[in-house]
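# Close look at the chain arrangement
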Amino acid sequence: MEKMKKPRSSAPSCFGFPISIFFIVINEFCERFSYYGMRAVLVLYFKFFLHWDDNLSTVIYHTFVALCYLTPILGAIVADSWLGKFKTIVSLSIVYTIGQVVMAVGSINDLTDYNRDGTPDRLSVHIALSVVGLILIAFGTGGIKPCVAAFGGDQFEDDQEKQRSMFFSIFYLSINAGSLISTVVTPILRGEECGIHTKQRCYPLAFGVPAALMAVALVVFIVGSSMYKKVLPQGNIMVQVSKCIAFAVGNRFRHRSKQFPKREHWLDWASEKYDNRLITQTKMVLRVLFLYIPLPMFWALFDQQGSRWTLQATTMNGDFGNMQIQPDQMQTVNPILIIVMVPVVDAVVYPLIKKCRINFTPLKRMTVGMFLAAMAFVAAALVQVQIDKTLPVFPVAGQTQIKVINLDIAEAKVNFGPGLHDVSLPSQGETDYFMLDAASLKTLTVSYGSRNKSRTLAALGQKRYTLEIKNNTVDILDELVLDNISSKPEEGNNLIRFINNLPSTANITMNNINFGEVQTWFASNYTAFQKGTKKIVVTDSSSTCQQQSIPFGFGSAYTIIINECGSSGLKIRYVQDIPPNTVHMAWQIPQYFLMTCGEVVFSVTGLEFSYSQAPSNMKSVLQAGWLLTVAVGNIIVLIVAGASKLDEQPS
């Protein structure tokens, strides 16, 4: 139990503020950097490292966020009833730091990449470490959430109301600064490539830096220990309120017979054990909590900025001129707009509404906020409609998809059997992918003029294939190549492969990535490249040629055909297998703007309204109720996403 320290007039101060609060502000900045930095890249880590689909990634993401907002109730009870704020913050910060370190370790690809092929051989180990890390982080960040701000307020004397008010403004600024900077920095770190054996997206660095910042936050907070005023735990009002409600419900149930007279309010049944003051205050709190019932719907929409909206950005074009924006960096739009819009709304919008004699009550403001959040998702849906028009169609059960590439200078025809697709190809021509019924596809016939070649096909299944054809002097080439692509390239990369149409084997290199020896008329495997132009170098039996590629965008796939390498240089042909992302990320700004407007009039007003409606000693109960609405909102999202995942299961 902590000892009560009486305030001393000689306590160290700076500009009228206790020096101790500067340690608390720095601690909060580092902790928020750690939390929001880790959270910014989390859903992409689930999708691209752990290889979970969009729905499972969304479910786990919102489960984590919900847990982060459920645990503050536990933290407040522990701090007020047992350990005190200081020891609670230190203890749970240690748990928090361990969780961040476990997350960083779990994201190291080389940890289980025993065959050094760039893919973890025991993904279950990484999943287990990630889940343990997230649970520790949720208990850490949630547990200290209600303690740090209140602990800062404890450092001031009763006559320092002005300084205390300014402290909370600085405290809130440190939260937004940590959030903004980390949401910019950690996606950049994730975009780097690192690794011992193979180079991968650098999730260990993206999680490692937040872990380091959390360790710094812990050290800074402990360094200021001797300067803090530590208040003795005096019991948690939430526990008293809960016991009062439980006793009233139980007592009413025991006296449910008609022989007992009714009481004005069901909480009055607690009067046998609790004083009228606590009962009256509990009634006031419950009236406000009743108004909280629709609030989770706002948070269900708001927190999808870090999940669904980030996943949406992975299918968009992030080219902003000289700057390339990562999908998870679009989340920075929210804190930037918050910093701009809070003063604008307070200083301009609300005074104008007041001058127009419109009674814009807190409840009306919150209603407008929820409406704006809904409009943000209407804007997001309109963007998604445009994105869906650019997405490739992949085969479903019972279908096979085939593209035909003519490597010859002569015209060709391909017949896939009775009632199926027939194609005619010009010299050096190709088709787009087209669907065929897998069960009916049993033969194919390639024709060059009067020369034909037929072959029987084994069951091809629900996959994409490329059929390479060429009128060779000995025979007609009809090579059917499995494409191994079932979705858009990950993280906006471009998948590139080569077909060697030279008369001899060629060694092919692109931007220092070697595709190895590619035999004549064969195709290499796909390899991922980032946007921009690349240097292509081809070496065959007689010469070496090189050439700059076309500029690649975001999320495309190309087959590059090597047609000639000699005295006239390198002649190549580009066949687009998957079109690049064409909808620009800037189209997400309107939905972020609407959501931020909703947050400003909803969240700020809601907290202010809650505090104004509750007795001073009940504010912690309403704070817990407010955080609970955030948790319930995220639970709503994970239920919806979970139901969507069940709908996708085959019947």
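Residues numbered from 1 in each chain as written. Predicted model: local features only at pLDDT ≥ 70, side-chain atom pairs only at ≥ 80, totals over all residues. Heavy atoms only, no water.

Where an unreviewed UniProt entry is consulted, the chain appears under the name Solute carrier family 15 member 1 isoform X2, with the organism given as Alligator sinensis. For the chain, the Sequence similarities (unreviewed entry) comment in UniProt is given as "Belongs to the major facilitator superfamily. Proton-dependent oligopeptide transporter (POT/PTR) (TC 2.A.17) family." For the record of the chain, the UniProt heading Subcellular location (unreviewed entry) holds the text "Membrane". (UniProt positions renumbered as here; feature names shortened; annotations may be inferred.)

Taken as a whole and judged by the stated rule, the model has 2 disulfides. C194 shares a disulfide with C202; S-S distance 2.0 Å. In this structure the cystine formed by C194 and C202 twists about its S-S bond by roughly 105°; its chirality is therefore right-handed. On the basis of relative accessibility, which here comes to 22%, the residue C194 falls in the partly exposed class. The class for C202 is buried, based on a relative accessible area of 5%. There is a disulfide in this structure between C545 and C565, and the S-S distance comes to 2.1 Å. The sign of the 100° torsion about the S-S bond sets the C545-C565 disulfide as right-handed. Here C565 lies in strand β21 (residues 557-566) and C545 lies in strand β20 (residues 544-548), a separation of 20 residues in the sequence. (Disulfide = S-S within 2.5 Å. Buried < 20%, exposed > 50% of the residue type's maximum accessible area, 1.4 Å probe, protein only. Helix = DSSP H or I, 4+ residues; strand = E, 2+ residues; numbered from the N terminus.)

Let us now look at the packing of aromatic side chains. One pass over the full model with this rule turns up 33 aromatic pairs. Ring geometry for F46 versus W52: centroids 5.1 Å apart, planes at 40°, classification tilted. Relative accessible area serves as the criterion here: at 0%, F46 is assigned to the buried category. Judged by relative accessible area, W52 falls into the buried class, the value being 14%. Measuring from centroid to centroid gives 5.8 Å for Y292 and W626, while their planes differ by 75°, and the two rings are edge-to-face. Here Y292 is found in the loop between α9 (276-291) and α10 (295-302), whereas its partner W626 is found in helix α15 (residues 619-648), with 334 residues between them in sequence. With respect to burial, Y292 and W626 carry one shared label: buried. Among the aromatic residues, those joined into a cluster by ring pairs are Y45, F46, F49, W52, Y203 and F207. Of note, K230 hangs over the ring of F86, and the distance from its end group to the ring centre comes to 4.1 Å. The aromatic ring of W269 is capped on one face by R263, whose charged end is 4.0 Å from the ring centroid. (Phe/Tyr/Trp six-rings, centres within 6.5 Å; stacked < 30°, edge-to-face > 60°. Lys NZ or Arg CZ within 6 Å of the ring centre and 35° of its normal.)

Let us now look at the nonpolar core. Counting residues in hydrophobic clusters, the biggest one holds 95 residues, and the most contacted among them are L42, F64 and F207. Split by domain, this core shows at least three residues from each of two domains, domain 1 (15-235) and domain 2 (275-390 + 587-650). Once you skip the residues sitting within four places of it in the chain, F207 turns out to touch M38, V41, L42, Y45, Q100, M103, A104 and S107. Membership of the second largest hydrophobic core comes to 21 residues, among which are F416, L420, F434 and I476. (Core = buried A, V, L, I, M, F, W, Y, C linked by side-chain atoms within 4.5 Å. Domains from an automatic or database assignment. Contact = heavy atoms within 4.5 Å.)

The full count for this structure, using the stated rule, is 15 salt bridges. Between D268 and K283 there is a salt bridge whose closest N-O contact spans 2.7 Å. Taken as a pair, D268 in the loop between α8 (237-254) and α9 and K283 in helix α9 lie far apart in primary sequence, 15 residues in all. The exposure class assigned to K283 is buried, which follows from its relative accessible area of 17%. In this structure, D319 and K531 form a salt bridge, with 3.7 Å as the shortest nitrogen-oxygen distance. Within this pair, whereas D319 is found in strand β5 (residues 319-320), its partner K531 is found in the loop between β18 (527-529) and β19 (535-539), the two being separated by 212 residues in sequence. For D319, a relative accessible area of 29% gives the class partly exposed. What you see here is one network of salt bridges that share partners, running through K403, D483, R497 and D577. (Salt bridge = Lys/Arg side-chain N within 4 Å of Asp/Glu carboxyl O.)

Within strand β7 (residues 399-406), 7 of the 8 residues are buried, which leaves it mostly tucked inside the rest of the structure. Relative to strand β10 (residues 434-437), β7 runs antiparallel, the two sharing 4 bridges. Considered in β10, the bridge of Q401 is made with M435. Bridging between β7 and strand β13 (residues 464-471) involves 6 bridges; their strand directions are parallel. Considered in β13, the bridge of K403 is made with T466. (Pairing = 2+ DSSP bridges.)

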